[in-house]
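The primary structure of each chain is shown beneath.
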Amino acid sequence: MLESENLLKGLLGTADDSKVAFLTASGTGAMEAAVSDIFDSDDRLLIVVGGSFGRRFAEIAEVHGIPYDVLELEFGHELSETDLQRYDSAGYTGILVNMDETSTGQLYDIRMISSFARRNGMCLVVDAISAFLADELQMDDMGIDAVILSSQKALALSPGISMVVVNGRTCSDRISRIRSPSYYLDLKHHFKDQERGQTPFTPAVGTLLELNRMLHLVHDQGLETRIENTRSLAMHFRKGAADLGIEVPGYRLSNAVTPIIFDHGAKDVYNRLRDGYGFTLTPTGGDMADRMLRVGHIGNMSIQDYDDLLAALREVLE
Ligand SMILES: *Cc1c(COP(=O)(O)O)cnc(C)c1O
């Protein structure tokens, strides 16, 4: 556990005095722990809602009675400096954002958001569940106060473990002062036990062992190499999709996922790929349900996989 903590801090680029909690929960558990233990009813949060994971942050703040406003993005709009400037000097104390809003694949510019947070004295919490290891993320250098991670996305492990990583200042200014509303997710308790490499409750041991191996693997392979591999898979697929005339959104995209857009009939494409070719893409909910599918680039994927997928897509579209 201590080794995993150190490897993780190294890969995240955060100082020794940052704290790591290994929670036995899916990513939403770590989102809830971070929001409810870093903020309380005296705070005022700004939440970037560009899709279903941003919406989830707002629902968590709602449940815990933490005042918040949402900066809502219409589908297709790229979060900009102008969008943020409307919220300058407005009394917000924290900002919550999903680095890759996995439901749309939009990769927010964390440095831009961090400079907004700094000039307004806000605490910046970043859900990097699908971005960590797929896109560049350096916690201290990017001015991020807390990072939320989970085992089953770009880490490509079994589900079961989620992490909250908090810098020293946020621990002493906020977590130590705020009374956790939860017994199981109380970060103070997890941080304290982790000092001696323990968790307060029985963890998902198998997933923790996988995590330790993966952190070693990425450490040995090099973080840049890992990110570059994912990036090249994403670029290869995007180029092939463009050659087939398939539309991909114009906003900044995470390397983790490529949304593909159709005028209509996305569900039909989904079914034909699955039933006829054995490819399961990720469907989309809500307004975009019949217009968008998502193609993942994380996990054990190869260039050949995308060539096969593109060949299948070509046939289906014809
Ligand atoms: C998957 C994901 C989550 C967490 O979902 P769980 O099903 O609770 O693990 C949170 N945020 C983002 C950005 C995600 O991609």
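Nothing here was measured: the structure is a model prediction, and the numbers come from that model. (Residues numbered from 1 in each chain as written. Predicted model: local features only at pLDDT ≥ 70, side-chain atom pairs only at ≥ 80, totals over all residues. Heavy atoms only, no water.)

Asker: Teacher, can you tell me more about the site of the ligand here?
Answerer: Close to the ligand lie S26, G27, T28, M31, F53, R56, D100, T102, D127, I129, Q152 and K153, which account for all nearby residues. Here T28 contributes a side-chain N or O atom positioned 2.4 Å from an oxygen atom of the ligand. In the complex, 88% of the free accessible area of the ligand, which totals 380 Å², lies under the protein chains. (Near = heavy atom within 4 Å. Polar contact = N/O pair within 3.5 Å; in protein donor to acceptor, adjacent residues only side chain to side chain. Areas by Shrake-Rupley, 256 points an atom, 1.4 Å probe, with all protein chains shown as cover.)

Asker: Even after reading the chapter, I still don't get the packing of helix 2 (residues 27-38) against helix 3 (residues 52-63), so can you show me in this structure?
Answerer: Relative orientation and spacing of two packed helices are given, respectively, by the angle between their axes and the distance between those axes. Contact geometry of helix 2 with helix 3 gives a least axis separation of 10 Å together with a crossing angle of 45°. When the axis of helix 2 is compared with that of helix 3, the two are oblique. For the pair helix 2 and helix 3, the crossing hand works out as right-handed. Residues T28, M31, E32 and V35 of helix 2 touch helix 3, and the partners they reach there are F53, R56, F57, I60 and A61. Each residue belonging to the contact of helix 2 with helix 3 can be placed in one class, and the counts come to 6 nonpolar, 1 polar and 2 charged. (Axes fitted to C-alpha atoms, helices over the stretch in contact; angles between N-to-C directions. Helix = DSSP H or I, 4+ residues; strand = E, 2+ residues; numbered from the N terminus. Parallel < 35°, antiparallel > 145°, perpendicular 65-115°, else oblique. Left-handed = near helix turned anticlockwise from the far one by under 90°. Contact = heavy atoms within 4.5 Å. Nonpolar A, V, L, I, M, F, W, Y, C, P; charged D, E, K, R; others polar.)

Asker: In this structure, what is going on with the packing of helix 8 (residues 205-221) against helix 9 (residues 223-243)? I would like to understand it.
Answerer: At a closest axis distance of 5 Å, the pairing of helix 8 and helix 9 adopts a crossing angle of 95°. On the basis of their axis angle, the class for helix 8 and helix 9 is roughly perpendicular. Together, M214, L217, V218 and Q221 of helix 8 and L223, T225, R226 and N229 of helix 9 make up the contact between the two elements.

Asker: Could you clarify how one ought to interpret the side chain of K9 in this entry?
Answerer: Here K9 is to be found in helix 1 (residues 2-12). For K9, the contacting residues outside a window of four places in its chain are T14, A15, D16, S18 and V20.

Asker: Where do I start with the pattern of salt bridges in this structure?
Answerer: Close approach of charged atoms allows side chains with opposite charge to pair. Within the structure shown, the criterion is met by 17 salt bridges. R118 is paired through a salt bridge with D145; the nearest N and O atoms lie 2.9 Å apart. On the criterion of sequence distance, the pair formed by R118 in helix 5 (residues 110-119) and D145 in the loop between strand 7 (123-127) and strand 8 (146-150) is long-range, its members being 27 residues apart. Judged by relative accessible area, D145 falls into the buried class, the value being 2%. (Salt bridge = Lys/Arg side-chain N within 4 Å of Asp/Glu carboxyl O. Buried < 20%, exposed > 50% of the residue type's maximum accessible area, 1.4 Å probe, protein only.)

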